[in-house]
Amino acid sequence: MLITINGVKRMYKNYVFFGLSCSNITIRFLLVLSLGVLSFTSAATQIDGDKMQQVVNEAYAKFKDVKEGANANYIPILDTVPSDLFGVVIVTKEGKVYSAGDVGYRFSIQSVSKPFTAALIMAQQGPEAVREKIGVEPTGMVFNSKVAVELYEARSVNPMVNAGAIAAVSLVKADNEKQRWELINNNIQGFAGEKLPVLEEVYKSEYETAWGNRGIANNLYNYGRLYADPEEALRVYTRQCSIGVNTLNLGVMGATLANGGVNPLTEKRMLPAAHVPELLAIMATAGFYDESGEWMFNAGLPSKTGVGGGVVSVVPGKFAIAAFSPRLNEAGNSVRAMRAIRHISGELGVGLYGPNPEL
Ligand code: GLN
């Protein structure tokens, strides 16, 4: 990929130079040269399937024995998920799948659902609605921060943290709670390309203990930054977080964004292509909460994590990398999933800002 990226840059320069150049012979010579670079480049922009499978296997093998971190336990049932589960997958924008480990195990999507509901608002009401009524600034604070709600005038601040995600649920245009839920659920299923269950035990466990999120919802409502009844928004948000997905589903959801908003399996458009960059920008700056800077520094990919242990990263225009493992670090991000994705990003040299091999 290093060659590819250099190749693309060189190709671009050739065209510019070519436009300015003088004699016929020079032009012909440069034309041949440009075509050579062009064909070389187009061959090199494709990472072949064997290589993808190889890095997925490598990432799985390299991190499967890592025991750092702990399951989330503030939602009591998440503490009972077997901690050693680990799955890694790449899904390309053409829908090709390369996987290793427990990629079929179903876990709760949690915050990985957040960008997809933000996408629903963008599709329904345009990206300006997200910017104006929620916000797009990273908070630099923990995902369930109440301080951020007080500190920033945008209150909900961005749709990747709890406050912004509860606001997003409330912003979905719906006549009643049932319709709100159906729109959100159908949208997430559309991104995954299949029917997904709600893990009722997870819903119950989280809703019964959701005092913090209830506080956030009520406070937002008080500030005029919540757009439905707070308890309704809290219920639908908690249900959204309880949707059961496997690592493969997360891969397809990410691949839909990598494919400009069209699900590669169903070919259904889930988000206008023009809004994909705006969504990816929010994922890049806030998808890892207060660890987003560190993540972009290392892996360089717009991503979203969840306390269920899932992470999805998008290589725009190419593919998605998803991983799952329940043990989380202090910021609430899956330790093994992060390491696996960071490794793959480095090995394939696909960080947004340039090739980013691990040192
Ligand atoms: N449902 C979880 C919560 O509201 C989601 C948090 C997360 O995945 N970071 O706390």
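Figured I'd write up the structure that's included with this text. A quick note: this is a predicted structure, and the numbers were derived from the prediction, not measured.

**A few points about the side chain of Asn162**
So, step 1. When you line up the elements, Asn162 lands in helix 7 (residues 162-171).
So, step 2. With a relative accessible area of 3%, Asn162 lands in the buried category.
So, step 3. With near-sequence residues (within four places) excluded, Asn162 lies in contact with Ser111, Lys114, Phe143, Asn144, Asn213 and Tyr237.

**With respect to helix 15 (residues 335-348)**
So, step 1. The terminal C-alpha atoms of helix 15 lie 20 Å apart, and with 14 residues this matches the ideal 20 Å at 1.5 Å per residue to within 8%.
So, step 2. Buried within helix 15 we find Val335, Arg336, Ala337, Met338, Ala340, Ile341, Arg342, His343, Ile344, Ser345, Gly346 and Leu348.
So, step 3. Buried residues in helix 15 make contact with helix 3 (49-63), strand 1 (87-92), helix 14 (292-298), strand 6 (310-315) and strand 7 (319-324).
So, step 4. Measuring from the backbone nitrogen of Ala337 back to the side-chain oxygen at the start of helix 15 gives 3.2 Å, which picks out Ser334 as the cap.
So, step 5. Gly349, located one to two residues past helix 15, shows a positive phi value of around 65 degrees.

**Observations regarding the site of the ligand**
So, step 1. The ligand sits among Tyr74, Gln110, Ser111, Phe143, Asn162, Glu206, Asn213, Tyr237, Cys241, Tyr289, Gly306 and Val307.
So, step 2. In this structure, a nitrogen atom belonging to the ligand sits 2.6 Å away from a side-chain N or O atom of Glu206.
So, step 3. Compared with its free state, where it exposes 300 Å², the ligand has 99% of that area covered by protein.
So, step 4. Looking at the shell around the ligand residue by residue, the class counts come to six nonpolar, five polar and one charged.

**Structural notes on unusual backbone geometry**
So, step 1. Phi is positive for Val157, which is not a glycine, with a value near 70 degrees.
So, step 2. One non-glycine residue, Glu267, lies in the positive phi region at around 60 degrees.
So, step 3. Assignment of secondary structure puts Glu267 in the loop between helix 12 (247-258) and helix 13 (276-286).
So, step 4. On the basis of relative accessibility, which here comes to 64%, the residue Glu267 falls in the exposed class.

**What to know about the pattern of salt bridges**
So, step 1. In the structure shown here, the tally under the stated rule is 13 salt bridges.
So, step 2. Ionic pairing is found between Glu194 and Arg106, a salt bridge with its closest N-O pair at 3.9 Å. Note that Glu194 is positioned in the loop between helix 8 (177-192) and helix 9 (200-207) and Arg106 in the loop between strand 2 (97-101) and strand 3 (107-108), a separation of 88 residues in sequence.
So, step 3. Looking at Arg106, the relative accessible area reads 31%, which means it is partly exposed.
So, step 4. Linked through salt bridges whose partners overlap, the residues forming this network are Lys67, Asp84 and Arg327.

**What about the sheet that holds strand 6?**
So, step 1. Spatially, five strands are ordered 2-1-7-6-5 in an open sheet, and the strand pairing comes out antiparallel. Looking at strand neighbours, the two that pair on one side only are strand 2 and strand 5 (303-305), the edges of this open sheet. Sheet twist, expressed as the average angle between the axes of neighbouring strands with direction ignored, equals 10 degrees.
So, step 2. In the packing of helix 15 onto the sheet, contacts are made with strand 1, strand 6 and strand 7, and the angle to strand 7 comes to roughly 150 degrees.

So, how was this worked out
- Residues numbered from 1 in each chain as written.
- Predicted model: local features only at pLDDT ≥ 70, side-chain atom pairs only at ≥ 80, totals over all residues.
- Heavy atoms only, no water.
- Helix = DSSP H or I, 4+ residues; strand = E, 2+ residues; numbered from the N terminus.
- Buried < 20%, exposed > 50% of the residue type's maximum accessible area, 1.4 Å probe, protein only.
- Contact = heavy atoms within 4.5 Å.
- Expected span 1.5 Å × (residues − 1).
- Polar contact = N/O pair within 3.5 Å; in protein donor to acceptor, adjacent residues only side chain to side chain.
- Near = heavy atom within 4 Å.
- Areas by Shrake-Rupley, 256 points an atom, 1.4 Å probe, with all protein chains shown as cover.
- Nonpolar A, V, L, I, M, F, W, Y, C, P; charged D, E, K, R; others polar.
- Salt bridge = Lys/Arg side-chain N within 4 Å of Asp/Glu carboxyl O.
- Pairing = 2+ DSSP bridges.
- Axes fitted to C-alpha atoms, helices over the stretch in contact; angles between N-to-C directions.

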